[in-house]
Structures are given as structure tokens and as C-alpha cells.
Amino acid sequence: MMSTDVALQRLLTWFSPAFPIGAFSYSHGLEAAVDEGFVTDRAGLERWIVDLLRHGAGWNDALLLKAAYDRRTAGQPLVELVELCLALCTSAELELETVAQGRAFAETTKRVWFTEEGSEAGDYPLPIAVGRAAANANLPLLPVIEAFLHGFAANLVSAAVRAVPLGQTDGLLALAAQEALIRDLAADAFEADLDQLGGFVPMLEWCSMRHETQYTRLFRS
């Protein structure tokens, strides 16, 4: 296993806003929620993030990341996980979001850290790409899941700061409010398996489809 200090540096790099996967251009349906008046302030943003972490892509992606990590470690193919992840995308924009970011993540990590490594054919949705790269780097799984969930929440906050608009301090307060939940969800996902996949966020799904035809847009999702 990679040393703790090097692993921390790797995770800080991978989940930095500066990591070139284009995360800043996606809002995961939040822009439509703002346009419809569902998220208008910090309290509304916090509720929105909690629901997505617990019952939406946060939880499901954490389980898919873990499965990709375990299968890559065992030398097993990831094709079925890719298909499952795409099947869980409930709108065209949500599929675009995870596939485009996952492709960029896989290409960047291979170019910088895994230059001699072979890869399976096809694109990797983001949680699959992260789990695969973490296994290749022999990173400890639990911190990877926690960092991934924090990055997911942080990107929602970044989108809200621009779209609501929300002040930087309120954005940080909203993110700080997720710390205990992210820690607990990461621990739960670490012990869970794909049998625990599932969620219920119909408003997010509606907002994501609504966003496809929204008159003015800053974000791609």
C-alpha cells in the first residue's frame, strides 16, 4: 500500500478543482433547480446536497467506485460495471457528465502516472475511472471514497456559488455542513456491495431533463 503522505498528496491532486476533467462545467441538475426556485439559499443547497449524497449519485457512485477498485485489484474486467453505471444515469446530461469526466480522468491519470499500463477498451464513467486508478496506484480505498464524495459535494457548492448566486462564505458553510455525512457515507460504502445500490431523487431527475431545454445555461448538466 502506498505510504500515507504520498497517498494524501495523490488524492489532493486528483480531487483538486484544478484537475483537468472539466468538473466546473457541470452542475448535476442544480442549475435547473435554481432556475425553478427549488434552491435559492444556503439552507436549500444543503438539503439538495444531502439528498444527492444519501439517495442519489453520491451513494451509488461510491459503491461503483468500490466495486471497480475491488475488481481491478483482482484483475477482473470492468465492462459490466461500466454498463451498470450508465444504466443508472436517468438523463442524457447525467450520462454525459459522468462519461466525459471519467474519460478525462482516465486519460489524465494514464498520461501522468500510468504511462506503461494497458487498458480495457471503452470509456469509463467517473466512479469507475477513479476506482480503477486508485487500485492501479495501490491507494487505500476508504480515503479514496471519502475524497470522491467530498469532491462531488464541493463541485455542487461551486456551481451554486455561481448559479444562485451564493457568497463564498455561505458556500463553504454548506460544504462544511456535509463533513460528518461524507465521513459516515464513505464508511458505509466501504462495507457495502452492489446489492445496496439504489436511490430516490425524482426531483433531481426532473431537473436534469428540464435543464436540457432550459433557455439560458451556464453548465452542461
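Now for a quick tour of the structure. (Residues numbered from 1 in each chain as written. Predicted model: local features only at pLDDT ≥ 70, side-chain atom pairs only at ≥ 80, totals over all residues. Heavy atoms only, no water.)

### Quick word on the packing of helix α8 (residues 141-163) against helix α9 (residues 168-176)
At a minimum axis distance of 9 Å, the contact between α8 and α9 shows a crossing angle of 155°. Classified by the interaxial angle, the pair formed by α8 and α9 is roughly antiparallel. Crossing geometry of α8 relative to α9 is assigned as right-handed. Each of His150, Ala153, Ala154, Val157 and Val161 in α8 lies in contact with α9, whose residues at this interface are Gln168, Gly171, Ala174 and Leu175. When grouped by side-chain class, the residues that make up the contact of α8 with α9 number six nonpolar, three polar and no charged. (Axes fitted to C-alpha atoms, helices over the stretch in contact; angles between N-to-C directions. Helix = DSSP H or I, 4+ residues; strand = E, 2+ residues; numbered from the N terminus. Parallel < 35°, antiparallel > 145°, perpendicular 65-115°, else oblique. Left-handed = near helix turned anticlockwise from the far one by under 90°. Contact = heavy atoms within 4.5 Å. Nonpolar A, V, L, I, M, F, W, Y, C, P; charged D, E, K, R; others polar.)

### Some remarks on a nonpolar patch on the surface
A surface patch of nonpolar side chains, amounting to about 300 Å² of accessible area, comprises Phe38, Met203 and Trp206. Within the secondary structure layout, Trp206 lies in helix α11 (residues 202-211). (Patch = residues over 30% accessible without salt bridge, like charges linked within 9 Å, V, L, I, M, F, W, Y side chains within 5 Å. Areas by Shrake-Rupley, 256 points an atom, 1.4 Å probe, with all protein chains shown as cover. Salt bridge = Lys/Arg side-chain N within 4 Å of Asp/Glu carboxyl O.)

### Considering the packing of aromatic side chains
Scanning the model with the defined rule gives six aromatic pairs in all. With a centroid separation of 5.9 Å and 80° between ring planes, the pair formed by Trp14 and Trp113 is classed as edge-to-face. Of this pair, Trp14 sits in helix α1 (residues 4-14) while Trp113 is found in the loop between α6 (92-112) and α7 (126-136), placing the two residues 99 residues apart along the sequence. Overall, the relative accessible area of 2% leaves Trp14 in the buried class. (Phe/Tyr/Trp six-rings, centres within 6.5 Å; stacked < 30°, edge-to-face > 60°. Buried < 20%, exposed > 50% of the residue type's maximum accessible area, 1.4 Å probe, protein only.)

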